[in-house]
Amino acid sequence: MPESIAFVMCTEGGGQLEQESLLMVKSFREFAGSFQYAQIYSFQVREGNDVSQETIDKLTAMDVKHQKVVLNTKYPNYPLANKPLLCAYAEQVIDADILVFLDSDLVFFSEPQEFRLHPDYDVGIRPEHHKMIGSKGAADPNENYWMWLYGIAGVKALDRFVTTTVDQQRIRAFWNSGVVAVRRKSGIFTAWKNTIEQLLPEGAGITKENWYYEQSALSATICALTSPERVFNFTVGYNYPIHSHNAMPLTERLGSFEEIVCIHDHLFRPRKERYRERTWLKTLKWLNSFNFSTPKYQWLCNYLHEHNPKPTFVQQTFEAVMFSPVVKQILMSRG
Ligand SMILES: [Mn+2]
C-alpha cells in the first residue's frame, strides 16, 4: 500500500498571509498532478489576527480543512514560532505516514513527486538560499551560535554541511523551512518544537538576532535525529527562490515555470514606497533568460493582476518606463 501523505500550512489574518495561502492552495489544486486532491490542513495557531470568513469559505471551497487551534501561547509576539508549534501538533494528531509543511508564500507549477519520500529517507528539504547566519566552521563569526544551538538540540556529529543554493557557500547544515517533508514516525517536528522552546525565552519578540532561530532550530534538530543519508535533498525545482533567480549560478537556474515544481516568494508583499512599481510585477518581469510566454507564467500573472489592487497612475507610468525593453536591458545587466 502506498504511504499516506498530508499537507499542513499556517494561515493568519491581518496581513498578506491570507492571500498567499489562497494562491498557494489554488496553484496546488491546479498543478500538483496526482496530489491534486490530497488532504490539506490549514491552522491559525495564535490569538488575534483571525482569518476572515471570506478566506475560510474560499479555503473550504478548495477542500482545505481550516481550524483555529491556539498553540502559540508562549510567544504571541514571535510569529515564526507558529511553524514548529503547528508542525509538532500536526505530527501528534494527523494520521499520515508523511507530513509536508508548506509555507503560504509558495506557488506550485507541477507535481511534487519527491514529497513521496522513499523509505530510505526521514526528511526531504532544500538547503537555505543564502548563508546569512550560517557558519562555515571554526573560524566563522557565527560559529558560537551554532555550537550553542547544537548543545541544546543534542547534535553529536559536527560534520554536516550544505551548499547554499544562491550564494553557494559551504556551511553547517542549514536548511530552508519553507518546504519540509517528514516521515511522521521519525518525530522530527515534535523535536523541533522542543528545540525552539529551549532556544527562545517565553514572551520573546522578534529581533534581528533571533529571526533565524526557527529555521536553524529545525536544521539542528534534523542533524540530531537523523544520519546524513536519511536526509533527501529536493532537486532544484523545489522551493525555488524566484526573487534570487538572476543571482543564482547557471547550474541552479531554471528557465520556465514548466520546469519548476514550486517557487517561494512573498508575491503579495507590498513595497514601503507605494508610488513605486508593484513588487510581484518587478519579480516576474525581470527574470533573466526566462520563458515569459508559457501558459503557467500567464496563469500566475493573471492571478496576481486579478487579486492585487489596480496600479495607480504613477505606478503605471513608472512601470511603463522600468519595464520598457531598453531600460530593462540596462538595469538587468547591472544585476
Ligand atoms: Mn516563506
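Everything below is about the structure printed above this text.
Residues numbered from 1 in each chain as written. Predicted model: local features only at pLDDT ≥ 70, side-chain atom pairs only at ≥ 80, totals over all residues.

## Regarding the overall build of the protein chain
Tallying secondary structure elements over the protein chain gives 10 helices and 11 strands in all. Taken along its principal axes, the extent of the C-alpha atoms in the protein chain is 55 × 50 × 45 Å. Looking at the protein chain alone, contacts between residues at least 24 apart form 79% of all its contacts between residues at least 6 apart. (Helix = DSSP H or I, 4+ residues; strand = E, 2+ residues; numbered from the N terminus. Contact = placed C-beta atoms within 7 Å.)

## Remarks on the sheet that holds strand β6 (residues 123-127)
The seven strands are arranged β3-β2-β1-β4-β9-β6-β10 in an open sheet whose pairing can be described as mixed. Every other strand in the sheet has two partners, leaving β3 (64-68) and β10 (231-233) as the edge strands with one partner each. Pairwise comparison of adjacent strand axes, ignoring direction, gives a mean angle of 25° for this sheet. Two elements, strand β2 (residues 39-44) and β3, share five bridges in a ladder whose sense is parallel. Each residue of the ladder has a partner; that of Tyr 41, found in β3, is Lys 65. (Pairing = 2+ DSSP bridges. Axes fitted to C-alpha atoms, helices over the stretch in contact; angles between N-to-C directions.)

## Considering the pairing of strand β4 (residues 98-102)
The element β4 is extensively covered by neighbouring structure, given that five of its five residues are classed as buried. Relative to β4, strand β1 (residues 5-10) is paired through four bridges, and the arrangement is parallel. Considered in β4, the bridge of Phe 7 is made with Val 100. (Buried ≥ 20, exposed ≤ 12 C-beta atoms within 10 Å, placed from the backbone.)

## A look at helix α3 (residues 82-93)
Look at α3: 16 Å from first C-alpha to last across 12 residues, which is about the 16 Å you get at 1.5 Å a residue. Counting buried residues along α3, nine of its 12 residues qualify, which places the element largely inside the surrounding structure. When α3 is considered as a whole, its buried residues turn out to be Asn 82, Lys 83, Pro 84, Leu 85, Leu 86, Cys 87, Ala 88, Ala 90 and Glu 91. Of the surrounding secondary structure, the elements contacted by the buried residues of α3 are β1, β2, β4, β9 (175-183), α5 (188-199) and α6 (213-225). (Expected span 1.5 Å × (residues − 1).)

## Thoughts on unusual backbone geometry
For Asn 49, which is not a glycine, the phi torsion comes out positive at approximately 45°. For Asn 49, a count of 14 C-beta atoms within 10 Å corresponds to the partly exposed category. Phi at Asn 239 takes a positive value of approximately 60°, unusual for a residue other than glycine. Along the chain, Asn 239 turns up in the loop between β10 and β11 (262-264). By C-beta crowding, Asn 239 is classed as buried, having 27 other C-beta atoms within 10 Å.

## Structural notes on the environment of Arg 276
Inspection of the secondary structure assignment puts Arg 276 in the loop between β11 and α7 (279-285). Residue Arg 276 is classed as partly exposed on the basis of its 14 C-beta neighbours within 10 Å. In sequence terms Arg 276 and Phe 318 are 42 residues apart; their C-alpha atoms lie 7.0 Å from each other.

## Some thoughts on the packing of helix α4 (residues 143-153) against α6
Contact geometry of α4 with α6 gives a least axis separation of 9 Å together with a crossing angle of 55°. In terms of orientation, α4 lies oblique with respect to α6. Handedness of the α4/α6 crossing: right-handed. Contact with α4, carried on its side by Leu 149, Tyr 150 and Ala 153, involves Ser 216, Ala 217, Ala 220, Thr 221 and Ala 224 of α6 and no other residues of that element. (Parallel < 35°, antiparallel > 145°, perpendicular 65-115°, else oblique. Left-handed = near helix turned anticlockwise from the far one by under 90°.)

## Re helix α1 (residues 17-31)
Here α1 contains 15 residues, and its C-alpha end-to-end distance of 21 Å stays within 8% of the 21 Å for a straight helix at 1.5 Å per residue. Of all the positions in α1, only Leu 17, Glu 18, Glu 20, Ser 21, Leu 22, Leu 23, Met 24, Val 25, Ser 27, Phe 28 and Phe 31 are classed as buried.

## Looking at the pairing of β1
Looking along a regular strand, one sees side chains alternate from face to face of the sheet. As defined by bridge partners, β1 adjoins β2 across five bridges and the pair is classed as parallel. Looking across to β2, one finds that Cys 10 is bridged to Phe 43. For the handedness criterion, the β-α-β arrangement of β1, α1 and β2 is classed as right-handed. (Right-handed = clockwise from strand over helix to strand, strands pointing away.)

## Quick look at the packing of α3 against α5
One way to put it is that α3 packs onto α5 with a least axis distance of 7 Å and a crossing angle of 145°. Crossing geometry of α3 relative to α5 is assigned as left-handed. Contacts between α3 and α5 involve Pro 84, Leu 85, Cys 87, Ala 88, Ala 90, Glu 91 and Gln 92 from the first element and Phe 189, Thr 190, Trp 192, Lys 193 and Ile 196 from the second. Considering only residue class, the contact of α3 with α5 consists of eight nonpolar, two polar and two charged. (Nonpolar A, V, L, I, M, F, W, Y, C, P; charged D, E, K, R; others polar.)

## Comments concerning the environment of Arg 230
By the element assignment, Arg 230 lies in the loop between α6 and β10. Considering only alpha carbons, one finds Arg 230 and Asp 120, 110 residues apart in sequence, at a separation of 6.2 Å. Excluding its chain neighbours within four sequence positions, the residues that come into contact with Arg 230 are Tyr 121 and Asp 122.

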